[in-house]
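Notes for the structure review
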Amino acid sequence: MGANKRIIEYINDAKVEQNRTGRQAKLDGLPFELNIRSLSEVGKYLRAQDPERQEEYNRKVIDWAKSVSQQLKGNVRSLVKKDVRLSDSIKPHVYYDKKYGREADRIGFTFAREGVYIHRGAGKGQGGFKGGSKWTDKYGKLKETNPLSFYKMGTGNRRPINWFNPVIDRNIEALADIVAEYSADMVVDAERIYIRG
């Protein structure tokens, strides 16, 4: 009977891990997010034993995300003067690992699609890639890249306006300090946060 119980537990653990990695694979495709990775499952468990400290850490991470969001909005208003829609659309999101307690493990930023175009120097007739892209606008209408703009990114009268990456660069060290103060076995993975151009 003990062996059967261990086999069932092993199968259940495998299913849980498969679901977790499947969710993570879906999340890995999202741009503009920082991952805060724990190097130890034991460390996660031990940190969860002090919920007040964990909540203080979460509050600091939320405050950091709000501060960076405000800086991004200010940067857009100063560099891209007439673009109110982009600055209004910038929102921070903090996600939690709920396996042991509730610990912030990802920070993401969402904003209007035009933010990427402005950062890269693309726009109507000014840029794009072969094959183009398709998206649905807020009215449900299917849109796609104008073929006349292929291979023109960063040319003409539109130049890239680096409104996003410099703000992240200025603030990433402060987040690393928050994480290091909370736990020595956690690291900040900034691979997916930057707008590539």
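Quick look at the structure, then.

About the cut-offs
- Residues numbered from 1 in each chain as written.
- Predicted model: local features only at pLDDT ≥ 70, side-chain atom pairs only at ≥ 80, totals over all residues.
- Heavy atoms only, no water.
- Helix = DSSP H or I, 4+ residues; strand = E, 2+ residues; numbered from the N terminus.
- Buried < 20%, exposed > 50% of the residue type's maximum accessible area, 1.4 Å probe, protein only.
- Polar contact = N/O pair within 3.5 Å; in protein donor to acceptor, adjacent residues only side chain to side chain.
- Contact = heavy atoms within 4.5 Å.
- Salt bridge = Lys/Arg side-chain N within 4 Å of Asp/Glu carboxyl O.

Okay, the side chain of Asp185 next. Relative to the elements of secondary structure, Asp185 occurs in the loop between α6 (165-182) and β6 (186-189). Judged by relative accessible area, which is 19%, Asp185 ranks as buried. Within the local environment of Asp185, its side chain forms a polar contact with the side chain of Ser183, the two groups lying 2.4 Å apart. Setting aside residues no more than four positions away along its own chain, Asp185 makes contact with Arg37, Ser38, Leu39, Ser40, Gly43 and Arg47.

Enumeration according to the criterion identifies 11 salt bridges in this entry. A salt bridge links Arg37 to Asp189, with the nearest nitrogen and oxygen atoms 3.0 Å apart. Note that Arg37 is positioned in strand β1 (residues 33-38) and Asp189 in strand β6, a separation of 152 residues in sequence. For Lys60, the salt bridge identified is with Glu56, shortest N-O distance 3.5 Å. Note that Lys60 and Glu56 are positioned in helix α3 (residues 51-79) at a spacing of 4 residues, about one turn of the helix. Among the residues examined, Lys60 registers a relative accessible area of 23% and is labelled partly exposed.

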